[in-house]
Amino acid sequence: MDSGLNGRAAQLSLRRYGADADPHVHDDFDQIVLPRRGVLEMEIDGRGGRVQAGQAALVRCGTRHAFAAAGDNLFVVADIGADLIAPFETLRDRAFLPINAPVRGLLDYIAGETAGEVDDAVAALWAPLLLRGLAAAPSIVDPRLARAVALVERDFARPLAVKDLAVEAGMSQSRFFAAFAVAFAQTPHGYLAEVRLRAAQRLLSETSLSIADIALRTGHADQSALTRAMRARLGTTPGAWRRRRI
């Protein structure tokens, strides 16, 4: 269904997906789909790929596409008007785009949102920054690094060392560490810490689990460790975060 966007507009929503959707076309806007959790299988103009940790999808207006997801999932969907995306025309040459540190920061900004539409004023500020961030990302992500990122997203609650991620990538530790820092503009440990914190934010917002339980479920040593992490990165505490989201 088309949104009737004007050229400069953007609409932003968070969506959950289920079984195969019928192929369809958007006639008057491009659409960018980004991961929050889970994997979305997509076919865009006959080309298959995934929206998952480290990778987004761009569906050009007029392009036939279909998608499906299983299990718990949540994705950010940005509908972008033609004039807004025009300065970033080269993005439209690729159906699947790597996600870099600036784009992950934008996703973190709306981490507390749940499924539904995001305020238009937020979308108007967020979408141009998204386009700039995607345009600054490398054209592809090494699939070996993508395997390591997928391991982090899947198993963040258990102890993970650089050695474990390097093995998953099939690289030496030193080479993996250097390649990861170049591709994602942060260390593997920093990325793992971000993923754990995002998971804790989601559980604080969406469940009544105790803070101590959430800390353990998200790979933090204890409640104090989670509190220190949230204070350092978000300037708040788990309790304060939860109260703001009620």
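Details of the structure are given in the entry above.
Quantities reported herein were computed from a predicted structural model and do not represent experimental measurements.

**Q** I keep staring at the nonpolar core and nothing clicks. Help me out?
**A** As a rule of thumb, nonpolar side chains are buried together in soluble globular proteins. Core analysis: the biggest nonpolar cluster contains 28 residues, and I32, L34, I80, W126 and L130 have the highest contact counts within it. Of all elements in the fold, only strand 1 (10–15), strand 2 (30–37), strand 5 (55–59), strand 7 (74–80), helix 1 (82–85), helix 2 (101–109) and helix 3 (120–136) reach the threshold of two or more residues within this core. Residue contributions to this core peak at six residues, all from helix 3. Excluding residues that lie within four positions of it along the chain, L34 makes contacts with V51, A56, F75, V76, I99, V103, L107, W126 and L130. In terms of nonpolar packing, the next biggest core, distinct from the first, is built from 20 residues, L151, F156, A183 and Y191 among them.

**Q** Is there a simple way to explain the packing of aromatic side chains in this structure?
**A** Tallied over the entire structure, the rule returns four aromatic pairs. Taking the centre distance of 4.9 Å and the plane angle of 65 degrees together, the rings of Y17 and F67 count as edge-to-face. Of this pair, Y17 sits in the loop between strand 1 and strand 2 while F67 sits in strand 6 (residues 65–69), and the two are 50 residues apart along the sequence. Of the two residues, Y17 and F67, both sit in the buried class. Relative to F180, the ring of F176 has its centre 5.6 Å away and its plane inclined at 50 degrees; by these criteria the two rings are tilted.

**Q** Before we go on, may I ask you to explain the sheet that holds strand 6 in this structure?
**A** Neighbouring strands of a sheet are bound in pairs by backbone hydrogen bonds; such pairs are parallel or else antiparallel. Spatially, three strands are ordered 4-3-6 in an open sheet, and the strand pairing comes out antiparallel. Strand pairing shows two members of the sheet lacking a second neighbour, strand 4 (47–51) and strand 6, which therefore form its edges. Each strand of the sheet is rotated relative to its neighbour by a mean of 20 degrees, with strand direction disregarded. Strand direction decides the pairing type here: strand 3 (residues 40–44) and strand 6, joined by five bridges, are antiparallel. Within strand 6, the position partnered with I44 by the bridge is H65.

**Q** Explain the pattern of salt bridges to me, please; I cannot follow it from the model alone.
**A** Any two side chains of opposite charge can pair if their charged atoms end up close together. Within this structure, the stated rule accounts for twelve salt bridges. Where R92 meets D30, a salt bridge forms, and the shortest distance between an N and an O atom there is 2.6 Å. Remark: D30 occurs in strand 2 and R92 occurs in the loop between helix 1 and strand 8 (96–98); sequence separation between them is 62 residues. Comparing R92 with D30, the two get one shared label, buried. A salt bridge links D155 to R154; the nearest nitrogen and oxygen atoms lie 3.8 Å apart. What makes R154 exposed here is its relative accessible area of 54%.

**Q** Quick question: what am I supposed to make of helix 9 (residues 223–234) here?
**A** The periodicity of an α-helix, 3.6 residues per turn, causes residues three or four positions apart to be oriented the same way. Helix length check: helix 9 (twelve residues) gives 16 Å between terminal C-alpha atoms against 16 Å at 1.5 Å per residue, within 8%. Burial in helix 9 covers these residues: A225, L226, T227 and M230. Of the residues flanking the start of helix 9, the one acting as N-cap is D222, its side-chain oxygen 3.2 Å from the backbone nitrogen of S224.

**Q** Looking at this structure, how should I read the pairing of strand 5?
**A** The two faces of the sheet receive side chains in turn, since in a regular strand these alternate between them. Across the five residues that make up strand 5, a large majority, four, are buried. In terms of strand pairing, strand 5 meets strand 8 through three bridges, oriented antiparallel. The partner of A57 across the bridge, within strand 8, is F96.

**Q** Looking at this structure, how should I read the side chain of R198?
**A** Residue placement: R198 occurs in helix 7 (residues 188–206). Note on R198: relative accessible area 11%, which makes it buried. Excluding its chain neighbours within four sequence positions, the residues that come into contact with R198 are R36, D108, E153 and Y191.

**Q** Can you help me understand helix 4 (residues 143–155) in this one?
**A** Given a rise of 1.5 Å per residue, 13 residues ought to cover 18 Å, and the 18 Å separating the end C-alpha atoms of helix 4 matches this to within 8%. L145, A148, V149, L151 and V152 are the residues of helix 4 that are buried. Seen from one end, helix 4 has its buried residues packed into an arc of 155 degrees, which puts them on one side. What points out from helix 4, more than 90 degrees from its buried face, is the exposed set P143 and R154.

**Q** Hey, could you run me through the environment of I80 in this one?
**A** For I80, the position within the fold is in strand 7. For I80, a relative accessible area of 0% gives the class buried. Once the C-alpha coordinates of I80 and R16 are considered, the two residues, 64 residues apart in sequence, prove to be 19 Å apart. Setting aside residues up to four positions removed in sequence, I80 forms contacts with L5, A9, A10, F29, D30, I32, I85, A127 and L131.

Quick notes on the rules
Residues numbered from 1 in each chain as written. Predicted model: local features only at pLDDT ≥ 70, side-chain atom pairs only at ≥ 80, totals over all residues. Heavy atoms only, no water. Core = buried A, V, L, I, M, F, W, Y, C linked by side-chain atoms within 4.5 Å. Buried < 20%, exposed > 50% of the residue type's maximum accessible area, 1.4 Å probe, protein only. Helix = DSSP H or I, 4+ residues; strand = E, 2+ residues; numbered from the N terminus. Contact = heavy atoms within 4.5 Å. Phe/Tyr/Trp six-rings, centres within 6.5 Å; stacked < 30°, edge-to-face > 60°. Pairing = 2+ DSSP bridges. Axes fitted to C-alpha atoms, helices over the stretch in contact; angles between N-to-C directions. Salt bridge = Lys/Arg side-chain N within 4 Å of Asp/Glu carboxyl O. Expected span 1.5 Å × (residues − 1). Polar contact = N/O pair within 3.5 Å; in protein donor to acceptor, adjacent residues only side chain to side chain. Arc of directions from axis to C-beta.

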